[in-house]
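Coordinates in review
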Amino acid sequence: MSTILKHIKNIGSWGNYHKIKSQLHFMKSGTLPASVKDKEYISHGNGRSYGDCALHENSLMTIQSNKILSFDIQKGILQCESGALLSDIIVEILPDKWFLPVTPGTKYITVGGAIAADVHGKNHHKNGCFSHHVISLKLALPEGDILNCSKNENAELFRATCGGMGLTGVILEATIQLLPIKSAFIDQYTIQTNNLKETFRAFEENQEASYTVAWIDALAKKANTGKGLLLVGEHAKDNNFEFSFRKKINVPTWFPSFLLNPWSIAVYNKYYYRSYTKTSEKVSLDSFFYPLDAVDNWNRIYGSKGFLQYQVVIPKKNAYQGIMELLDAVVKSNHVSYLTVLKLLGKENENYLSFPLEGYTIAMDFKIKKGVFDFLNQLDKIVVGYEGRGYLAKDARMSKAFFETGYPKLVAFKNIRKQYKLERLQSLQSKRLGL
Ligand SMILES: Cc1cc2nc3c(=O)[nH]c(=O)nc-3n(C[C@H](O)[C@H](O)[C@H](O)COP(=O)(O)OP(=O)(O)OC[C@H]3O[C@@H](n4cnc5c(N)ncnc54)[C@H](O)[C@@H]3O)c2cc1C
């Protein structure tokens with residue numbers, strides 16, 4: 001079989017909705033493969049984005065360019081290739097008492113993916129996005145130039161690249177400032193709430209905490225709409241650095257997706273809500289930051305048609321009403337959010353397409369079934385009414401109009417694309433949204 005044919009594969013994203021036959025071009029140790037010359041393509045990290053931002057007929061696969069290039073143990077400065085996974089970095093840095101300053105809900109993403117989506121964690125209200133901790137990055141432009149970018153050097157390109165979904169070049173390497181820690185454990189505190197008012201109050205009362213995140217029971221209604229559990233976390237200080245990632249269970253390809261239904265999830269939600277009888281406990285970093293990583297391929301439980309994650313943010317002044325209206329709309333519909341997470345976000349940064357703005361973000365997972373796309377369009381209208389916006393890393397279906405309303409710095413982003421001749425960088429998402 002010729003090498004070219006061997007590297008044509010069906011690839012998808014975490015939501016399993018979009019799939020595409022794509023020619024894979026592998027990046028080896030920080031250099032672009034010659035095979036992408038003159039082609040349209042998009043970078044593909046570890047495919048943990050939910051929608052179509054990393055999908056194109058030509059995929060520049062970064063995962064094999066994953067070396068840690070240097071690690072200054074005294075200063076906590078790490079330099080690595082962009083295909084390095086956060087999980088590999090954690091293994092490298094934790095014994096020397098450093099951790100990632102910002103981490104999303106899975107450790108199985110690449111550094112390139114973390115920068116391109118400018119990911120946020122449970123500490124956005126304190127520590128901002130991933131890009132806030134990037135000292136510099138090396139970017140390969142389609143015509144072959146390689147530029148160093150930082151807040152001071154090629155600053156506009158840096159602002160476009162962080163959150164720019166791979167549309168400004170291929171991130172080859174990054175240098176990151178890490179966070180000093182005194183333990184591999186988290187002191188976790190859990191607060192049960194009975195409705196959205198209490199959930200918001202719990203967030204506000206704990207806004208000085210390093211980490212906060214709420215799980216919401218999206219089946220709860222009327223007086224209990226928005227009830228859930230707020231998890232509050234601080235790095236422990238016990239100097240205990242014993243660490244290993246938990247053993248994983250796997251969801252097989254043949255998992256019967258009918259097991260996931262409104263009744264099973266109602267039982268689960270009740271159990272989960274009540275299971276937090278302990279308000280205070282010490283938990284590992286792995287279980288605090290990455291609970292979903294304990295189940296390999298959990299996305300398969302939604303079946304072969306896949307699922308959509310709907311993540312939006314609503315500015316603080318409108319957040320309570322906006323989130324309430326979204327939750328109400330879900331309860332009144334025949335769609336179920338199987339997993340619903342709420343987070344408090346801090347100030348917006350200067351990047352052109354970074355998602356967070358000061359307010360609350362809600363993420364809901366919907367099975368793909370008849371009517372779901374129309375239903376999500378209705379939710380978009382609510383979000384626009386409250387001046388919110390959607391997250392590109394989770395998006396598989398938003399309209400161009402909804403996207404454009406939410407991102408006023410889009411013009412600056414498009415100017416950079418023109419100025420540096422970046423039109424050959426395209427994904428299914430960039431085409432849908434006219435990026
Ligand atoms: C269980 C789970 C939990 C999550 N939790 C969070 C969360 O809490 N917060 C959050 O912000 N996100 C979260 N995410 C989303 C995830 O962090 C982002 O989608 C991330 O971008 C995925 O990285 P990846 O390496 O898999 O990249 P991919 O999914 O392969 O690509 C994502 C984007 O990055 C671009 N890209 C990748 N590598 C490069 C590169 N080297 N150069 C230029 N562009 C590149 C791609 O073109 C694409 O646009 C979660 C995802 C999952 C599955």
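Quick note: structure is the one above.
For the structure given in this document, a descriptive report is provided here.

Description of the sheet that holds strand β9 (residues 146-149)
Read from one edge to the other, the open sheet built from five strands follows the order β5-β6-β10-β8-β9, with strand pairing classed as antiparallel. If you trace the sheet from one side to the other, it starts and ends with β5 (68-72) and β9, each paired once. Taken pair by pair, the neighbouring strands of this sheet meet at an average axis angle of 10°, ignoring direction. Strand direction decides the pairing type here: strand β8 (residues 134-140) and β9, joined by four bridges, are antiparallel. When the bridges of β9 are listed, lysine 138 appears paired with asparagine 148. Against the sheet, helix α2 (residues 86-93) touches β5 and β6 (77-81), its axis set at about 40° to β5.

Side note on the site of the ligand
Around the ligand, a shell composed of 36 residues is seen, among which Ser43, Gly45, Ser49, Thr110 and Tyr391 lie nearest. One of the backbone nitrogen or oxygen atoms of glycine 105 is found 3.1 Å away from a nitrogen atom of the ligand. At 2.9 Å, a backbone N or O of methionine 165 approaches an oxygen atom of the ligand. About the coverage of the ligand: the protein hides 97% of its 970 Å² of free accessible area. For the shell around the ligand, the elements supplying multiple residues, two or more each, are β3 (42-44), α3 (111-116) and β10 (170-177). Looking at the shell around the ligand residue by residue, the class counts come to 17 nonpolar, 16 polar and three charged.

Things to note about the packing of aromatic side chains
Going through the model one piece at a time under the given rule, you end up with 20 aromatic pairs. Between tyrosine 211 and phenylalanine 288, the ring centres sit 5.9 Å apart and the planes meet at 70°, which makes this aromatic pair edge-to-face. In this pair, tyrosine 211 sits in strand β13 (residues 211-216) while phenylalanine 288 sits in helix α8 (residues 285-289), placing the two residues 77 residues apart along the sequence. Taking relative accessible area as the criterion, tyrosine 211 reaches 3% and is therefore assigned buried. Overall, phenylalanine 288 belongs to the buried group, its relative accessible area being 3%.

Some thoughts on the sheet that holds strand β1 (residues 8-12)
With mixed pairing, the four strands of this open sheet are ordered in space as β1-β2-β4-β3. Only two strands of the sheet have a single partner each, and these edge strands are β1 and β3. Along the sheet, successive strands turn relative to each other by an average axial angle of 50°, direction set aside. When β3 meets strand β4 (residues 58-61), the two strands line up parallel, connected through three bridges. Note on β4: the bridge partner recorded for histidine 44 is methionine 61.

Digging into the nonpolar core
Note on soluble globular proteins: their nonpolar side chains tend to be buried together. Counting 119 residues, the largest nonpolar core has Leu137, Leu342 and Leu379 as its most contacted members. In this view, leucine 137 contacts Ile115, Leu147, Asn148, Cys149, Phe158, Thr161, Cys162, Ile171, Glu173 and Ala174; residues no more than four positions away in its chain are not counted. One finds Ile265, Tyr302, Phe307 and Val336 within the second-largest nonpolar core, a separate group that totals nine residues.

Topic: the environment of histidine 132
Along the polypeptide, histidine 132 turns up in the loop between α4 (124-127) and β8. Ignoring any residue separated from it by four or fewer positions in sequence, one finds histidine 132 in contact with Asn127 and Lys151.

Looking at α2
For α2, the set of buried residues is Leu86, Ser87, Ile89, Ile90 and Ile93. Seen along its axis, α2 keeps its buried residues to an arc of 160°; they face one direction. Structurally, α2 contributes buried residues whose contacts are with β5, β6, β7 (98-99) and α3.

Re helix α7 (residues 262-275)
Given 3.6 residues per helical turn, the α-helix brings residues three or four places apart onto the same face. For α7, with 14 residues, the first-to-last C-alpha span of 20 Å sits near the 20 Å given by 1.5 Å per residue. Residues of α7 that are buried in the fold lie against β12 (185-193), β13, β14 (228-235) and β19 (337-345). Where α7 begins, one side-chain oxygen reaches toward the backbone nitrogen of tryptophan 263, 2.9 Å away; that side chain belongs to asparagine 261.

Scoring rules and cut-offs
- Residues numbered from 1 in each chain as written.
- Predicted model: local features only at pLDDT ≥ 70, side-chain atom pairs only at ≥ 80, totals over all residues.
- Heavy atoms only, no water.
- Pairing = 2+ DSSP bridges.
- Helix = DSSP H or I, 4+ residues; strand = E, 2+ residues; numbered from the N terminus.
- Axes fitted to C-alpha atoms, helices over the stretch in contact; angles between N-to-C directions.
- Contact = heavy atoms within 4.5 Å.
- Near = heavy atom within 4 Å.
- Polar contact = N/O pair within 3.5 Å; in protein donor to acceptor, adjacent residues only side chain to side chain.
- Areas by Shrake-Rupley, 256 points an atom, 1.4 Å probe, with all protein chains shown as cover.
- Nonpolar A, V, L, I, M, F, W, Y, C, P; charged D, E, K, R; others polar.
- Phe/Tyr/Trp six-rings, centres within 6.5 Å; stacked < 30°, edge-to-face > 60°.
- Buried < 20%, exposed > 50% of the residue type's maximum accessible area, 1.4 Å probe, protein only.
- Core = buried A, V, L, I, M, F, W, Y, C linked by side-chain atoms within 4.5 Å.
- Arc of directions from axis to C-beta.
- Expected span 1.5 Å × (residues − 1).

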